[in-house]
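Geometric and topological summary
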Amino acid sequence: MTSATLSIRSSDQTTTDGEVLVLAAHTRSGGSGLVVLGASDEVATAVAASLEAIGFGGKKDEFVRLPAPAGLTAASIAVVGLGTASPDDDTLRYAAGVAGRRTTAKDAVVISFGQESADQLVAVAEGAGLGSYDYTDYRGTGADPADGSPAEAAEPVGEEAGSATSSPRARSISIVSALDSETAASALERALASVDAVALVRDLVNIPALDLYPSVYADRVQELAAGLPLDVTVWDEQELVAEGFGGIAGVGQGSTRPPRLVKVAYSPAGAAKHIALVGKGITFDTGGLSLKPPVSMIGMKYDMAGSATVLAAVLAAARLSLPVRITAWLCLAENMPSGTAIRPGDVLTIKGGRTVEVLNTDAEGRLVLADGLVAASAEQPDAIVDVATLTGAAVVALGNRYVAAMGDEALVDDVLGAAKQAGESFWPMPLPAELRPLLASDIADIANVKPGNTAAGMLVAGVFLQEFVGKREDGGTIPWAHLDIAGPAQNKDGGYGYTVKGPTGVTVRTLLRLAESFSRA
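Residues numbered from 1 in each chain as written. Predicted model: local features only at pLDDT ≥ 70, side-chain atom pairs only at ≥ 80, totals over all residues. Heavy atoms only, no water.

In a regular helix each residue adds 1.5 Å, so 15 residues correspond to 21 Å; helix α9 (residues 305-319) covers 21 Å between its end C-alpha atoms and thus fits that length. Within α9, 14 of the 15 residues are buried, which leaves the element mostly enclosed by the surrounding structure. In the stretch just after α9, S321 is the one whose phi turns positive, near 55°. (Helix = DSSP H or I, 4+ residues; strand = E, 2+ residues; numbered from the N terminus. Expected span 1.5 Å × (residues − 1). Buried < 20%, exposed > 50% of the residue type's maximum accessible area, 1.4 Å probe, protein only.)

The following block contains the structure:
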């Protein structure tokens, strides 16, 4: 993996000359002076005095390094601002993320925030691990700035290597905890499963589309599932056509690298509930014959983030042995223009027989998801959640940090609750019935867009997907939630908290929390 190695250190274990001790600070209630957490009274007093001398205010995102005070054995001190005198789990996770992101790979880091509960320890470990992420697989043979020696060339991925690979962990971060060893170890394992799941999404999304395309991706899924209680089924292009998956097959037919559908099933004995997760996996999106402008095409390797998210969630659930059945459906295709590509005006037959008139080939994600929703519905799960970088309209509506959630009201409420527990930003959106007529087709059951319409594009996409959610055996619709992650899936700006620049892995931790809540239902 490409995040730091995390470990727990007992509160009576001292730091060494080569380690950086990271503490947290906030302004005292009432605004007079600083409170430094995670150190002895003597060290905290000395550090607070140094911080006040340089104008450190204890605000969120503040980070400073200081010489170690007299009497403390450490290479240096680093202090992170909490921004509040009453830090909760989210605050601690965020601050630990700043520490993981702002310290360097050469630092042996010890984080001491004075956390007291297992939940707080999980939050700090998650933040530190997520913030320490770095992707180096494609660094070339330039000189290493540390010693001037040539760096080792990145190992090729794709056909040459047989799979997408990740760099080994190179950093170490210890977290000081006063909890008993068994409780601390359990908390760390929970945090590591979360960190590794998010890092996997970031790794997969970072890989260029030249090296990660549907068949390689499917092979990688099988490698990742090996050794876990998971069953993996892969449909190739011939099987997709033969079994009526017209959305995935149609979108992928313009590429020389054919599409795939991958099912990853986790079915623990005794599980009472079943969640289906459906992920959009467009490994590169040119827009097809409805070609994107050059600037808009940059970053379209990110268009498979939804599929990576649902994959990571089911892998983590299996690793944690959660007592809930989870099935992930990865709808994988490369959307390319060619003589074999679908054209505006073509009609595709989705799994189950419903027909779609394709009026814009750049609205392809909803076509592959339609197949996945129908396939997921056939197994009669208790809930379906799809995840997709689906619309630019979601970015216009909610910006780059909020996930849009829409669908069945009760399930959306459950998702929002899970997101709050995970510390991720979600926002509910409606699916107005009056938008459905916009998708009327003259020749097919439904059109994939309303050409020329610029209003409520995110919601129109959700209304389209809703048409492919199946019925329960009692006649009711299967509870379904659609998560549009187009904005927060990629951080194009500087890092903040535990969020690094580039792919974020957003929604993975929310899905894990949701799965945990279903396991208790």
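There's more to say after this.
The backbone phi angle of D61 is positive, close to 80°, even though this residue is not glycine. Here D61 shows up in the loop between α1 (41-53) and β4 (63-66). Positive phi, normally seen in glycine, also occurs at S321, with a value near 55°. Tracing the sequence through the fold places S321 in the loop between α9 and β11 (325-335).

A separate point is the side chain of D484. By the secondary structure assignment, D484 is in strand β18 (residues 480-484). For the buried D484, no salt bridge exists, and the shortest N-O distance to an oppositely charged side chain is 7.5 Å, to R366. Of note is the side chain of D484, whose polar atom sits 3.3 Å from the backbone nitrogen of L390. Engagement of the side chain of D484 in a polar contact is seen with the side chain of T391, the distance being 2.7 Å. Not counting residues up to four positions away in its chain, the partners in contact with D484 are A388, T389, L390, T391, A394, V403, A404 and M458. (Lys, Arg positive; Asp, Glu negative; His and termini not counted. Salt bridge = Lys/Arg side-chain N within 4 Å of Asp/Glu carboxyl O. Polar contact = N/O pair within 3.5 Å; in protein donor to acceptor, adjacent residues only side chain to side chain. Contact = heavy atoms within 4.5 Å.)

Sheet architecture is open: 8 strands sit in the order β8-β9-β11-β10-β14-β18-β15-β16, paired in mixed fashion. Each edge of the open sheet is held by one strand with a lone partner, namely β8 (231-235) and β16 (426-428). On average, each strand axis in the sheet is inclined to that of its neighbour by 20°, with strand direction left out of account. With 3 bridges joining them, strand β15 (residues 403-407) and β16 adopt parallel strand pairing. Bridge pairing in β16 links A404 to W427. Each of β9 (260-266), β10 (274-285), β11 and β14 (383-388) touches α9; the most contacted strand, β10, lies at about 140° to it. Across the face of the sheet, helix α10 (residues 365-378) comes into contact with β10, β11, β14 and β18 while running at roughly 155° to β10. (Pairing = 2+ DSSP bridges. Axes fitted to C-alpha atoms, helices over the stretch in contact; angles between N-to-C directions.)

Right, let's get into the confidence of the model for the protein chain. Residue-level pLDDT values for the protein chain average 93, and 94% of them are 70 or greater. Below pLDDT 50 for its whole length, residues 143-168 participates in 54 contacts with residues either more than four positions away or in separate chains. (pLDDT = per-residue confidence, 0-100.)

Turning our attention to the sheet that holds strand β12 (residues 347-349). By way of backbone hydrogen bonds, the strands of a sheet pair with one another, either parallel or antiparallel. If you trace the 3 strands from one edge of the open sheet to the other, you get β12-β13-β17, paired in mixed fashion. The strands lining the two open edges of the sheet, one partner per strand, are β12 and β17 (446-447). Relative to strand β13 (residues 355-357), β12 is paired through 3 bridges, and the arrangement is antiparallel. Paired with L348 across the bridge in β13 is V356.

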